[in-house]
Amino acid sequence: RHYRVTFTAVVTLVGLKIFVTVPCAGAGGWSPLISDRYQWLEVDLGRRTQITAVATQGRYGSSDWLTAYLLMFSDTGHNWRQHRQEDSLGAFPGNSNADTVVQYKLQQPVIARYLRLIPLDWNPTGRIGLRLEIYGCRYTSDVASFDGSSSLVYRVNRRPSWTAMEVISLKFKTLRNSGTLFHAEGQRDHSLSLVLEKGKLLLYHQQGRMNECEFQFLVQLSVAAVRSHGLQKPILPNRNFHGCLENLLYGDLKLISLAKQNNPQVTVLVSCTLCFNMFKKHRHDNLSLKCAYMLPGSSLNDGQWHSVELHFSQDHLSITVDKDEGATAHTSVPLPLTSESHFFFGGCPSQGSSKECRNPFKVFQGCMRLLTLDGQLVDLIKVQQRLLGNYSDLQIDMCGIVDRCSPSLCEHGGRCTQSWSTFHCNCSSSGYRGATCHSSMYEKSYVDGSGPIRPQLIYCNMTEGSTWMVIQHNNTEFTTVQSSPEINQHVAHFDYSSEEPLLAAIIRQSEHCEQELSYHCRKSRLFNTHEGTPFSWWVGGLGEGQIQTYWGGALPDSRQCSCGLQDNCLDSSHYCNCDADFDQWTDDSGLLTLKETLPVRSLVLGDLQRPGSQAAYRVGPLRCHGDKNFWNAAFFDKETSYLHFPTFHGELNADISFLFKTTSSSGVFLENLGIKDFIRIELSSSSEVVFSFDVGNGPLEVRVQTSVPLNDDRWHSVRAERNVKEALLRVDDFPTATQEAPVDGLVHLQLNSQLFIGGTASRQKGFLGCIRSLQLNGVTLDLEERAKITPGVRPGCPGHCSSYGSLCQNEGRCVEKTNGFSCDCGQSAFTGAFCHQEVSATFQSMTSITYILKEPYELSRNASALPSYIYTDITLRGESISLSFRTSQSPALLLHVSSFHREYLTLLINKQGKDSQISISWSFLTWMLPQKNKMYLSINFTLEAPYLTYIIIVIMMFQIDQNSREDFNLTSDVEFNSVKCLILGRVRESDGLDSELAEFASLGFTGCLSGVRFNSISPLKAALLHPDSPVTVTGPLLQSSCGFSSSENPYAAETTHSLSDQPGSVDPRQPLVNAIKSDSALIGGVIAVVIFVTVAVLAVMARFICIRKETYQNQDVKEAQPEEDSHEFQLGSQADSPSGPSENHKEYFI
C-alpha cells in the first residue's frame, strides 16, 4: 500500500531533536532559526519502509527554498548512510521557487526507518525553507542475528525436481570485514561458497570428484558458518559471519521463517562465549586511548576498519594497530599528558594558531568510530550538540567514504587505485590508454576500435594486389594419413592463433575471406555417392561451427567438389575426383569463400580402413582482405536531411570517430538527446569543431581550432571521447583538446531519443557534405544501407580523388568509384594498386621489343602533306622519355624511335675515354651532355655502381638521377613528326641510320630495363603485361625484379618505397609449413657467405692488377693522342674495341 508523509508546518528544534506538528491550515513549512550547513530535518517513519521517491517544495508564501540537499538513511537513528546518485554524486537538485514541486525518484528503493535531509544550498535572497513529501510502501522481513559462533543449516531430505537455475538470496549487514555468508554443498562434493573477505564479496565454486563444471543438486546449505560433511575443506574455516541476515531465501523457501517454526530441515546451532573487558581500570597518571578509523586505498588506507590503541604514561608510550593481526611499537619518551589534557582528532583547528596543536602531516580524511578515552566511550552525539568538545567540517554519526574502485570504472583490465577525492587507472598491462583505459594504445583497426577485444598479433601479406590478413592455425602442413583397419576415421582439430572474438570480428567486417581445403587421395573416397552417407566432412563457422558436406571450390550443401561444379571430374558419374576410387593419386582442392562457414574448425576423414587406401590433406590459414565499412559513407545534399539510428548507449564511456568532407562552413555531424542530457559534435566554423555534452552537471564543450580550413572538400578525421574523468577531441593531426569532468559530478550519460547523423531533430543547422566510416564505441554504423531508404541522403560519396588522388604515383590517374577510388595505370610505366611497382625485364643481345604506332591518315598517299596531328598523346615540338637501366655493356642502345619520314631519335650509352656518356641523336642533329658535367658523368657511371640509373628526358631538358637538370635551346624549326615505332633492345631494320648508329643498333642491349615510358606509351609494360597491344617481341625476354633498387642506392629512399625490395629481408608472413626448411636455409646461407668472401678476395686482387696495368696503358694513350681531340665526341671511338680489362660490370639507375 502506498502512502505519503507530508510536513507543512514549522518544526520546533529542542536541542537537536525534531518535533513535527501539522496545523490544520496546512501553510508554512520547515525553516530553522539559523541557516547554515549544520541544519538537518529528520523524519521517523515508525517502522522500516521501502522508500521510492522524495519531493520538495519551498516554504509557503516566502522566498525560502532549497536549491541542493543531501539524503541520509538509517534503521536505528544512528550510523547514517548517505544516498548517492550513480554511486558518485550525493547532492540532489532542489527548487527554483517556493511553489513548484520537484520530485526525485530513487533509482533503487531504499529500505530504512529514518530519513534525514541536510540542506547544502538555498535561495541566496532568502533562508532555508522546505516542505517535504516521502513516497514508499510498507516493508516486512525476517531477520536473524549471528554472533560469530552461531549458524543455520538447511538439509534437503528429498531430491528436488530438476530446474535450470537454483537461487539463493539474502541481505546482510555487519561490522566485520570478513566472514562466510553461506556454504552450499551439492552431489559429488560440488560446493559454492559466498565469502566476505576484507570488504569484498567472493564466490567460490569447487568442483567435485567427477571434475564436472555444472553444480549438482543441493544437498546442504550452511549459513553464517561452514558445516561441511564432504571431503573438501571450506574456504574460510575460521571466519564465521558476525552480523545480521535478512530475508534468507532458497528458491521460494523462507529459511529464517522455517527456523522460527522449528522445521526439522532447518537446524540452528548456537554457542556461547565468555565476554570480558579488554581494558582494566587505570590510575589517573596513566591514560589509554582507543579508536577505529577507516579511509580508502590500500594497506592501512584500504577502505577497511582498523583499530588503534595508544597507551602512554609519564615515560612510556606504546601503540598497537589491528591488535593481533597488526603490530605494536614501544618508546620511552617523557609525555606530560593527563586526563585533563586536550586531544585533537583528525587535525588541528584551522582558525588561529594554537601552540598546543600543530599539523606535522596532512589532516586525516576518513572515518573514526568507537572513540574511547581512558576506558570511557566518547559520546559523539554530545560532540555534535557541542555539549562536549568542538568540531568543524565534520559529519557525525555517519561514514561518508566513497569506494571509487568498487565497481571499477577502469576498462580492459586496468587496475584501479583511489585517493580521497578521485580514482586513477593503471593501464600499463592492458594494451589500452587514457584516463579509464578506454582507447587502444595501438593503431586503431576497423575490427574492434575501443571494443572488448584485446590487442593481438596477426600477420599481413602486402605482396599481392590486396592486403591480406593471415590467421594461422596449429597445422597448415600437408598431413599424410595411412590406412588402418583399426581406425574408421581420422579427426583433425584446428586451433587458431587469434582469439574467438577477434576471429569473428575479422570475418564479419572483411570484404572477402577464403581458406584453402585440399584432399589428395588414392583409393580413399570423399563423399561416396550423392545420395549415400558421406565418408568425410568438415566443421566450420563461428563458435562451435556447423557440419559442412561440400569441398573447396563448390557450393554450400552441394556435396560436390570444384570438379563437379565445373563438370570435369575424372568419373562423370561422381562429383569429386576422389569418389572415382582410382588406384592412383588424385586430388580435390579449392578455396572456401563463404564467410558464414569459416574458419574450418575440424576435419573428419573416412574410408581409410581399406588396404591400399592413402590420403593427405591440407587446411590453409584463414585469409581475409578489405574493410567493408571503411568506405561506408553517406552524402547529405540538403540542410534538412539526416539519418537516424537507435539511441546511442555510452553511459560511462563514449568514443566517436568518423571522416567528413564539405564545402560548407558549419553543420551538425551528430546529435543525440535525452530529457536533460545530450551529446553533439558539430562544425561551428570553417576551422573549428566543437564536441559538447551534458550528463546533468551542465553543458561542457571541447573545441579544436585548426590552422587550415576544414571546408576544402577534402577528407578530415574527427575523434571524440568522453569518460567519467575527461572529454577529448582531436581533428586530423592537430593537438588534442581536453576538458576535465567535475569532481563528484554526475557520470551517467542518459539518452532516450534517436541518434541523428548529419542533422538534428529540429532539422536546423544540418550538415552538407559526406560522412564516412562512422564508429561509436567500436561499432560501425551502416550509413549506406540507411541512406538507401532515406530521402535527401545518398549512399556513397562523390569526389574521393580530391583527397586521395595524390596516392596515384608515376603518372597514374585517379578514378572515382562509389565506394572509394582506384588508380588507372594505363598511362604509366608502372603497375600496382597505386602505380608504384616498376615493370622490369632482363634483356639479352638478341632481345627486341617493337611497339608499333598507327599510321597517320593518308600519310602513305601524300607524303608531302603532313597532318596537323600525329598521335593523340604525342606533341609536335617535344617528347618526354623516362627509363631505368642496369648494364655492363658499352656502347649500348637504350631506345630507338623512328618515324614515317625516315627520321629517328636514339638514346645511347657510349664510351669516351674513361667516362661513359648518355647521348641523344636524331636524323639531322646529334648532341651530348657537355664535358663540364664531370660530377655525374664520373660518379653515376663508376665501374662498381650497384644501382640503377634513372633518366628523365624532355626535349630541351636532360636529367640523370638526382643531379641538376641541363637545358638546351634548339632551333624553332625542330620537329619530330609521324612517329612510327618504338624499339627497345636490338634494332633489326636500320633504314635511315648512318653506318655508325646502325652498328650500335645491331649490338642490342644486355642488362635490365625498367619503367620505360615515351610520352604516354609504355612499350616494356605492354610487352610484359598486355600481349594484345600492338607490340612485337623477338628473342628471349624475362620479366624480373631487376628494376628494384638495392639498399646501397643513394637515391633509393626517393625512388623506391617497398620494404619487400630490400635484399636479405625475412618475410614474417612465411607460413608455418616452411618452418622445417629453416635448418637447410641456414646451412646454405653459411656456404653462400664463404663462397662470396672467397670470390670477393679474388676480385679485389684482380682489380688491383688491372688498375696497375691500365695506368701504363693510359700513359701510352695520352702520349699518342692529340690534345685538340680530347673533348671531341666520336660515336665510333669505342665501337671497334670491346671492353678492356679495366672494365667491370656497371649498374645504373636512370
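Rules used throughout
- Residues numbered from 1 in each chain as written.
- Predicted model: local features only at pLDDT ≥ 70, side-chain atom pairs only at ≥ 80, totals over all residues.
- Heavy atoms only, no water.
- Pairing = 2+ DSSP bridges.
- Helix = DSSP H or I, 4+ residues; strand = E, 2+ residues; numbered from the N terminus.
- Axes fitted to C-alpha atoms, helices over the stretch in contact; angles between N-to-C directions.
- Salt bridge = Lys/Arg side-chain N within 4 Å of Asp/Glu carboxyl O.
- Buried < 20%, exposed > 50% of the residue type's maximum accessible area, 1.4 Å probe, protein only.
- UniProt positions renumbered as here; feature names shortened; annotations may be inferred.
- Contact = heavy atoms within 4.5 Å.
- Disulfide = S-S within 2.5 Å.
- Patch = residues over 30% accessible without salt bridge, like charges linked within 9 Å, V, L, I, M, F, W, Y side chains within 5 Å.
- Areas by Shrake-Rupley, 256 points an atom, 1.4 Å probe, with all protein chains shown as cover.
- Phe/Tyr/Trp six-rings, centres within 6.5 Å; stacked < 30°, edge-to-face > 60°.
- Lys NZ or Arg CZ within 6 Å of the ring centre and 35° of its normal.
- pLDDT = per-residue confidence, 0-100.

Undergrad: Help me get a handle on the sheet that holds strand E47 (residues 700–705), residues and values and all.
TA: An order of E42-E51-E44-E45-E46-E47 is seen for the six strands of this open sheet, with the pairing classed as antiparallel. In this open sheet, the two edge strands, each paired with only one partner strand, are strand E42 (643–645) and E47. Averaged over neighbouring strand pairs, the angle between their axes works out to 15 degrees when direction is ignored. Sheet analysis places strand E46 (residues 688–694) next to E47, joined by six bridges and oriented antiparallel. Pairing of Phe 691 across the sheet is with Val 702, part of E47.

Undergrad: Tell me about the pattern of salt bridges, and name the residues and values.
TA: As enumerated under the stated definition, the model contains 23 salt bridges in all. Among the ionic pairs, Arg 719 bridges to Asp 655, the shortest N-O distance being 3.6 Å. In this pair, Arg 719 sits in strand E48 (residues 716–722) while Asp 655 sits in strand E43 (residues 654–661), placing the two residues 64 residues apart along the sequence. What makes Asp 655 buried here is its relative accessible area of 2%. Here Arg 719 ties to Glu 721 by a salt bridge, and the two come within 4.0 Å at their closest N and O atoms. In the salt-bridge network here, residues are joined through shared partners; they are Arg 48, Asp 75, Lys 173 and Glu 246.

Undergrad: Break down the sheet that holds strand E33 (residues 490–493) for me, citing the residues and quoting the values.
TA: The pairing of strands in a sheet comes from backbone hydrogen bonds and takes either a parallel or an antiparallel form. Read across the open sheet, the four strands follow the order E33-E38-E35-E36; overall the sheet is antiparallel. Strands with a single pairing partner mark the edges of an open sheet, and in this sheet they are E33 and strand E36 (546–548). For this sheet the average axis-to-axis angle between neighbouring strands, irrespective of direction, equals 20 degrees. Sheet topology places E33 next to strand E38 (residues 600–605); four bridges connect them, and they run antiparallel. Note on E38: the bridge partner recorded for His 493 is Ser 602.

Undergrad: Can you lay out the UniProt feature "domain: EGF-like" (unreviewed entry) in the protein for me, pointing to particular residues and giving the numbers?
TA: Under the present numbering, the feature "domain: EGF-like" (unreviewed entry) in UniProt falls on residues 401–438 and 798–836. Within residues 401–438, the helical portion is 0% and the strand portion 26%, while the C-alpha atoms at the span's ends are 26 Å from each other.

Undergrad: Quick one: what's the story with the side chain of Thr 586, residue by residue and with numbers?
TA: Along the chain, the position of Thr 586 falls in strand E37 (residues 586–592). Classification of Thr 586 by relative accessible area gives buried; the value is 15%. Contacts of Thr 586, omitting those with residues within four sequence positions, involve Tyr 519, His 520, Cys 521, Leu 570, Asn 577 and Cys 578.

Undergrad: I'd like a description of the state of the cysteines, backed by residues and values.
TA: Inspection of every chain in the model, using the stated rule, returns 11 disulfides. Here Cys 521 connects covalently by a disulfide to Cys 578, the sulfurs 1.9 Å from one another. Where Cys 521 bonds to Cys 578 through sulfur, the torsion about that S-S bond is close to -100 degrees, and the disulfide is left-handed. Here Cys 521 is found in strand E34 (residues 512–522), whereas its partner Cys 578 is found in the loop between helix H4 (562–566) and E37, with 57 residues between them in sequence. Take Cys 521: its relative accessible area is 2%, and that puts it in the buried class. Disulfide pairing is shown between Cys 801 and Cys 814; the S-S distance is 1.9 Å. Here Cys 801 and Cys 814 share a disulfide; its torsion about the S-S bond, -85 degrees, makes the bridge left-handed. Here Cys 801, found in helix H6 (residues 801–804), pairs with Cys 814, found in strand E55 (residues 813–817); they are 13 residues apart in sequence, far enough to count as distant. On the accessibility criterion, Cys 801 (19% relative accessible area) is buried. For Cys 814, a relative accessible area of 19% gives the class buried.

Undergrad: Explain a nonpolar patch on the surface to me, and be specific about the residues and the numbers.
TA: Where nonpolar side chains cluster on the molecular surface, the patch consists of Val 1089, Phe 1092, Val 1093, Val 1097, Leu 1098 and Met 1101 and spans about 610 Å² of accessible area. Tracing the backbone through its elements, the reader meets Leu 1098 in helix H11 (residues 1078–1120). In this structure Leu 1098 comes out as exposed when scored by relative accessible area, which is 54%.

Undergrad: Could you give an account of the packing of aromatic side chains, with specific residues and numbers?
TA: Applying the stated criterion to the full structure yields 20 aromatic pairs. Measuring from ring centre to ring centre gives 6.0 Å for Tyr 519 and Trp 551, while their planes differ by 70 degrees; the resulting arrangement is edge-to-face. Taken together, the positions of Tyr 519 in strand E34 and Trp 551 in the loop between E36 and H4 put the pair 32 residues apart, joining distant regions of the chain. Looking at Tyr 519, the relative accessible area reads 0%, which means it is buried. Here the aromatic residues Phe 636, Phe 658, Phe 660, Phe 669 and Phe 767 are joined through ring pairs into a cluster of three or more. Its end group placed over the ring of Trp 631, Arg 772 keeps NZ or CZ at 4.4 Å from the ring centre.

Undergrad: Outline the confidence of the model for the protein, listing residues and values.
TA: Taken residue by residue, the protein gives an average pLDDT of 75. The fraction at 70 or more is 72%. Confidence over residues 271–286 falls short of pLDDT 50; this stretch has 15 contacts with residues more than four positions distant or in other chains.

Undergrad: Any details on the environment of Cys 244? Residues and values, ideally.
TA: Residue position: Cys 244 is located in strand E17 (residues 242–250). Through-space distance from the C-alpha of Cys 244 to that of Lys 173 is 5.5 Å; in sequence the pair is 71 residues apart. Each residue touching Cys 244, except ones within four places of it in the same chain, is listed here: Val 143, Ala 144, Ser 145, Lys 171, Phe 172 and Lys 173.

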